[in-house]
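Remarks on the overall topology
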Amino acid sequence: MLEQIYIVTICIFSPLLIMWLTYKSNILNKIGSIILAYALGCILGLTGLIPSTEEVFKLQNNIASASIPFAIPMMLYSANIKAWTKLAPSFVKSLTFGLIGCTSAITVGFLIFGQENSDMYARISGMLTGLYTGGTANLASLKLALNVPDDVYLQVHTYSMVVSAIYLLFVVVFGQRVFNMILPKFDKNKHNDKEINITLENYDNELFYGLFTKANIPNLVKSLVLTLIIIAIGGGIAMLCPEGTFLAVFILIISMLSVLSSLHSKVREIKRTFEFGTYFILVFSVAVSSQISVSMFENIDLTFFMFTVVVTIGALLIHVLLSAIFRVDTDTVLTTSIALTCSPPFVPVMCGALHNKAVLGPGIAVGLFGYAVGTYLGFGLFHMLSAIA
């Protein structure tokens, strides 16, 4: 019990400390609250300050899973639908390049690493395709569809989680600065439209200090009540759907209801909803990043692990190369990549790191599309690789 209280206290209150630090320090403010949250979580996990046990891992997962349904609506209440329509062509191109990058990298990885056990690596390739286009839900469904043994499934899940955590840390901390050297920067003045500009989150808005002051409590209560209603409706509808589709349907419903709510002027006028949503993203970030532990790197099957690394890096490189050729901007590429590789719940994390909430809605839409097609892509790629093996 004390261990659980300790974990919950860290996840709930450390974001408040991070908010205060970004208010006090211009340097930390420029680094960004999301990056600080991930850094803190990694330090706590790798140093053993947070125990690496199955019970703790489940609690961290529960905290992370509970925070996202609050974050997405809060961050969408100030959404600007008109701005999204102007960003749609770039996201369609980036989504296409992301899917090409994923399937191409997995095919190359299979040809390099999968020749000694081609049948099993074809099945693993199918699962990774589903995972990197739709998340764990698709991974689980492909395990059943491709008849993958439990121990292999566990390895795929574990290695992909380690590699994805490193990948996520890289793109959150360095992604925008690195890829701005290759790709066009997100241009808020491209359309000469004031509505695009106001959807951008700037560094000043990271000054969260005062978010929980007495004067702002009415705004927080209003947004929280509305969010709870949306979560209840979304959860109720998702529970009526077939088993295995709950998460995809749930995120789709709460996103749709949040966007519809944003069309009402009284909802848009609620102050500081985006910052409140970002607080929940900080909770999510600490909970997820603190799951990293030294034990994850013990007894690794090197060939299998390198296959996962090659797939992850290769998919990103192909995605970026095609985007550079067709001039897709950095923020769109990174948001799309995160949506496909890590699933929609991680999109708000990327938007917070980019200081750009204009890409939030389209990014979630990309992730949901990945949910829809990931299983089919994985199943199709398995049969293709089996045929050429």
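It should be noted that the structure appears before, not after, this text.
Residues numbered from 1 in each chain as written. Predicted model: local features only at pLDDT ≥ 70, side-chain atom pairs only at ≥ 80, totals over all residues. Heavy atoms only, no water.

**Brief notes about the overall build of the protein chain**
Rules: Here a strand is any run of E in DSSP of at least two residues, a helix any run of H or I of at least four, and the numbering for each starts at the N terminus. Atoms counted for the radius of gyration: C-alpha only. Globule rule: 2.2 Å times residue count to the power 0.38. Contacts are assigned to residue pairs with any non-hydrogen atoms lying within 4.5 Å of each other. With residues, only the protein chains shown are counted as cover, and all accessible areas are computed by Shrake-Rupley using a 1.4 Å probe.
A tally of regular secondary structure across the protein chain gives 17 helices and zero strands. Taken over C-alpha atoms, the radius of gyration comes to 20 Å for the protein chain, in line with the 21 Å a tight globule of 389 residues would show. Expressed along its principal axes, the backbone C-alpha trace of the protein chain runs to roughly 65 × 55 × 45 Å. For the protein chain, the proportion of contacts with a sequence separation of at least 24, taken over those separated by at least 6, is 83%. When the accessible area of the protein chain is evaluated, it comes to approximately 17400 Å², of which 67% is carbon and sulfur surface.

**Quick word on helix α16 (residues 347-354)**
Operational definition: Partly exposed residues are those whose accessible area sits between 20% and 50% of the maximum for their type, while under 20% is buried and over 50% is exposed, using a 1.4 Å probe and protein chains only.
In terms of burial, α16 is largely enclosed, as eight of its eight residues are buried. Those residues of α16 that sit buried are Val-347, Pro-348, Val-349, Met-350, Cys-351, Gly-352, Ala-353 and Leu-354. Here the buried face of α16 lies against α3 (33-46), α4 (54-76), α8 (150-179), α13 (273-289), α15 (330-342) and α17 (360-388). Among the residues trailing α16, His-355 stands out with phi positive, at a value near 55°.

**Some thoughts on the pattern of salt bridges**
What counts here: A pair is scored as a salt bridge if a Lys or Arg side-chain nitrogen falls within 4 Å of a carboxyl oxygen belonging to Asp or Glu.
Evaluated as defined, the whole model comprises two salt bridges. Lys-58 is the partner of Glu-54 in a salt bridge, and the nearest nitrogen-oxygen pair spans 3.6 Å. Placement of the pair is Glu-54 and Lys-58 together in helix α4, with a separation of four residues, close to one helical turn. With relative accessibility at 55%, the residue Glu-54 sits in the exposed group. Ionic pairing is found between Arg-123 and Asp-119, a salt bridge with its closest N-O pair at 3.1 Å. Residue Arg-123 and its partner Asp-119 are located together in helix α6 (residues 118-134), separated by four residues, close to a single helical turn.

The values are spatial; any link to function lies outside them.
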